[in-house]
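Architecture and fold: a report
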Amino acid sequence: PEVERAPPPPAVPPDDDVHLPVAAGMARDLHAAAVAAAPPPPPSEPPSALLDAILAMILMRVPPRPGADDEAHVRWLQQKHVAFVQNWRDELGVLPRSTDAIDPRALPSAENAPPADFPDSS
């Protein structure tokens, strides 16, 4: 025996209720509540002079692409620089501070160097 099925519900456009004043008012209220409850945007992170300097040293060694004039090459370098900084921020969450650089005065001097027969850790 065949099972009798109920007819499908009538098709209602998904946006049909937005024209109702109650639904529109609720949507405005929900939006306002969400905006009010949203956490403040994170403080603007200053550019990283350390990362900028390292990237400049690396990128300035990249030769221009064949057929690219100087202006196009500089634009390409700038795009790569911005992309690298954004990728760094996305992956690591924060840019290095200039204070993260090693102070050359903190490096071992020749007089404090390990003995010549000291095993190399690399």
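The shown structure was predicted, so the numbers you read here are calculated from the model rather than taken from an experiment. (Residues numbered from 1 in each chain as written. Predicted model: local features only at pLDDT ≥ 70, side-chain atom pairs only at ≥ 80, totals over all residues. Heavy atoms only, no water.)

1. Structural notes on a nonpolar patch on the surface
A cluster of nonpolar residues, I54, M57 and I58, forms a patch on the protein surface that exposes about 300 Å² of accessible area. Relative to the helices and strands, M57 resides in helix α2 (residues 49-59). (Patch = residues over 30% accessible without salt bridge, like charges linked within 9 Å, V, L, I, M, F, W, Y side chains within 5 Å. Areas by Shrake-Rupley, 256 points an atom, 1.4 Å probe, with all protein chains shown as cover. Salt bridge = Lys/Arg side-chain N within 4 Å of Asp/Glu carboxyl O. Helix = DSSP H or I, 4+ residues; strand = E, 2+ residues; numbered from the N terminus.)

2. Quick notes on helix α3 (residues 70-92)
Turn by turn, an α-helix covers 3.6 residues, leaving residues three or four places apart pointing in a common direction. The end-to-end C-alpha distance of α3, which contains 23 residues, comes to 32 Å, matching closely the 33 Å that a straight helix rising 1.5 Å per residue would cover. Inspection of α3 places A72, H73, L77, H81 and V85 among the buried residues, and these make up the whole buried set. Residues of α3 that are buried sit in contact with α2. In the stretch just after α3, G93 is the one whose phi turns positive, near 85 degrees. (Expected span 1.5 Å × (residues − 1). Buried < 20%, exposed > 50% of the residue type's maximum accessible area, 1.4 Å probe, protein only. Contact = heavy atoms within 4.5 Å.)

Keep in mind these values describe shape, not function.
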